[in-house]
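# Tertiary structure, described
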Amino acid sequence: MKYQPHPNTTIALAQNLVSRQSVTPEDAGCQPLLAKRLADLGFTIHNLRFEDVDNLWAERGDRGPIFCFAGHTDVVPTGDETAWRYPPFSAEIHDEVLYGRGTADMKGSIAAMITAVERFLAQYPNPPFRLAFLITSDEEGRAINGTRKVVEWLTARGEHIDWCLVGEPSSKNSLADEYKIGRRGSITGNLVIQGKQGHVAYPHLADNPVHRAAPFLAELTAIEWDRGNTHFPPSTLQIANIQAGTGANNVIPGTLSVQFNLRFNTETSVGAIKERIATLLDRHGLNYSLDWQLSGEPFLTRSAELVQAVERAEAQVTGCTPLASTAGGTSDGRFIAPTGAQVVELGPLNATIHQVDEQVPVAHLIEISSIYEAVLQELQKTVTV
Ligand SMILES: [Zn+2]
């Protein structure tokens, strides 16, 4: 251990996790460390390895709904390590700020969850609901053998999460000013439009796919998918990549490849997107192939027990009411929400995530841990068995 452990237990645990080089899909011993802490609290531990990915499902209690803390131990690569003020896995604290890869996204939150549960169970050893942790080491990567597989495993066992708090860094300008109650969906289309290659001087012997596609693309990018709703902005489509041509100025290209991505809300379905684009392609008489990759459906958690518990917990700890947001990219909540779980995401500031000098103030992690504990206490008041 190179770093100087902080006297606060949440921070010392965060340092221990950050010092482990768990770049996706490596876990680097983070989950065994968490499993030990949870086993000591009476959790049953399931180590679920799917291909090269370690996952942890820990569960405690035998009555009531399941409240689950969800998170990931993997981190994104550091980039040029010499660009960092302090080495990215040194877990150093300077002026009460913890530096390192994964401090904000999201080892700090995981440490805060563990210590929140330790304090909560010391006070209420027999809560009227079950407690669980779903921890993966494949959130930042392909996310195939992580949360998605654990949820399938749970479903096969006939278990399902009722309330899930994901510790993703949701705060924008000040601690816990925002939390997420949903996310937009994301789908990518890989479109290839066929033409016929030829000499530019003899266009009647060729068929230019760029010319054929141009009016189609103009219409595609002008579509109004929906107008959004109270919780979501309107759905959008962006062309991300477009390729055609050989590089020579005298060759009509044979094919045109277009990759586009939609971020869509609960007003527009995957089926509607596919149908609308197929209809448009056919109307333009294009000879095409189109592959779809669905990254996640949109989800929205209605204002029920979990959302209310989070709002009351925040009011107690910070004295503020957080903004319920659906902005930002996707998270593993997309795999948990479709099972019917209420899902919220609440964690530290996201200002430095994935950046050089990723950092989180010590005071913020301590406060996040207090909010997590207060959420458990609020749920404890809600549930009657
Ligand atoms: Zn994350």
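See the structure shown above.
Residues numbered from 1 in each chain as written. Predicted model: local features only at pLDDT ≥ 70, side-chain atom pairs only at ≥ 80, totals over all residues. Heavy atoms only, no water.

## Let's talk about the coordination of the zinc ion
With distances of 1.8 to 2.7 Å, the protein atoms coordinating the zinc ion are His72 (NE2), Asp105 (OD), Glu168 (OE) and Glu168 (OE). Around the zinc ion sit four donor atoms; with metal-centred angles ranging over 52 to 141°, the donor geometry is irregular. For the zinc ion, all donor residues lie on one chain, and their spacing in sequence is H-x32-D-x62-E. In this pair, His72 sits in strand S3 (residues 66–72) while Glu168 sits in the loop between strand S7 (163–166) and strand S8 (178–180), placing the two residues 96 residues apart along the sequence. Looking at Glu168, the relative accessible area reads 8%, which means it is buried. (Donors = N, O, S within 2.8 Å, 3.2 Å for Na, K, Ca; no water. Tetrahedral: all angles 85-135°; square planar, octahedral: opposite > 155°, others 65-115°. Helix = DSSP H or I, 4+ residues; strand = E, 2+ residues; numbered from the N terminus. Buried < 20%, exposed > 50% of the residue type's maximum accessible area, 1.4 Å probe, protein only.)

## Looking at helix H1 (residues 9–18)
The element H1 is largely enclosed, with a buried count of eight among its ten residues. Among the residues of H1, Thr10, Ile11, Leu13, Ala14, Gln15, Asn16, Leu17 and Val18 are the ones counted as buried. Buried residues along H1 sit against helix H2 (30–39), strand S4 (93–94), strand S5 (97–99), helix H3 (103–123) and helix H9 (362–382). A side-chain oxygen of the first residue of H1 lies 2.8 Å from the backbone nitrogen of Thr10; this N-cap is Asn8. (Contact = heavy atoms within 4.5 Å. Polar contact = N/O pair within 3.5 Å; in protein donor to acceptor, adjacent residues only side chain to side chain.)

## Looking at the packing of aromatic side chains
Enumeration according to the criterion identifies nine aromatic pairs in this entry. Between the aromatic rings of Phe43 and Phe133, the centroid separation amounts to 5.9 Å while the plane-to-plane angle is 70°, which identifies the pairing as edge-to-face. Highlighted residues: Phe43 in the loop between H2 and strand S1 (44–50) and Phe133 in strand S6 (residues 130–136), separated in sequence by 90 residues. For Phe43, a relative accessible area of 5% corresponds to the buried category. Taking the centre distance of 5.7 Å and the plane angle of 80° together, the rings of Phe260 and Trp292 count as edge-to-face. Of this pair, Phe260 sits in strand S14 (residues 255–264) while Trp292 sits in strand S15 (residues 288–296), and the two are 32 residues apart along the sequence. On the basis of relative accessibility, which here comes to 0%, the residue Phe260 falls in the buried class. According to the relative accessible area criterion, Trp292 is partly exposed, its value standing at 22%. By the ring-pair criterion, three or more aromatic residues cluster together here, those being Phe43, Phe67, Phe69, Phe133 and Tyr372. (Phe/Tyr/Trp six-rings, centres within 6.5 Å; stacked < 30°, edge-to-face > 60°.)

## What to know about the sheet that holds S14
Strand order in this open sheet of four strands is S12-S14-S10-S15, and the pairing throughout is antiparallel. One side of each edge strand has no neighbouring strand; the edge strands of this open sheet are strand S12 (236–244) and S15. Pairwise comparison of adjacent strand axes, ignoring direction, gives a mean angle of 15° for this sheet. Where S12 and S14 come together, eight bridges link them in antiparallel fashion. (Pairing = 2+ DSSP bridges. Axes fitted to C-alpha atoms, helices over the stretch in contact; angles between N-to-C directions.)

## Considering the pairing of strand S18 (residues 342–345)
Residue alternation in S18 divides its side chains into two sets, Gln342 and Val344 and Val343 and Glu345, and both sets are buried. In terms of strand pairing, S7 meets S18 through four bridges, oriented parallel. By the bridge assignment, Val166 is partnered in S18 with Glu345.

## What about the pairing of S7?
Residue alternation in S7 divides its side chains into two sets, Trp163 and Leu165 and Cys164 and Val166, and both sets are buried. For S3 and S7, the ladder comprises four bridges, and the chain directions are parallel. Each bridged residue has a counterpart across the sheet, and for Phe67 the counterpart in S7 is Trp163.

## What to know about the packing of H1 against H2
H2 packs onto H1 with a crossing angle of 150° between their chain directions and a minimal axis gap of 9 Å. Relative to H2, the element H1 is oriented roughly antiparallel. Seen along the crossing, H1 lies across H2 with a hand that is right-handed. Listed contacts from H2 to Leu13, Asn16 and Leu17 of H1 are Cys30, Leu33, Leu34 and Arg37. Of the residues assigned to the contact of H1 with H2, the class counts are five nonpolar, one polar and one charged. (Parallel < 35°, antiparallel > 145°, perpendicular 65-115°, else oblique. Left-handed = near helix turned anticlockwise from the far one by under 90°. Nonpolar A, V, L, I, M, F, W, Y, C, P; charged D, E, K, R; others polar.)

## Notes on the side chain of Asn261
By the secondary structure assignment, Asn261 is in strand S14. For Asn261, a relative accessible area of 17% corresponds to the buried category. Residues contacting Asn261, with those up to four places away along its chain left out, are Ser186, Ile187, Thr188, Thr236, Leu237 and Gln238.

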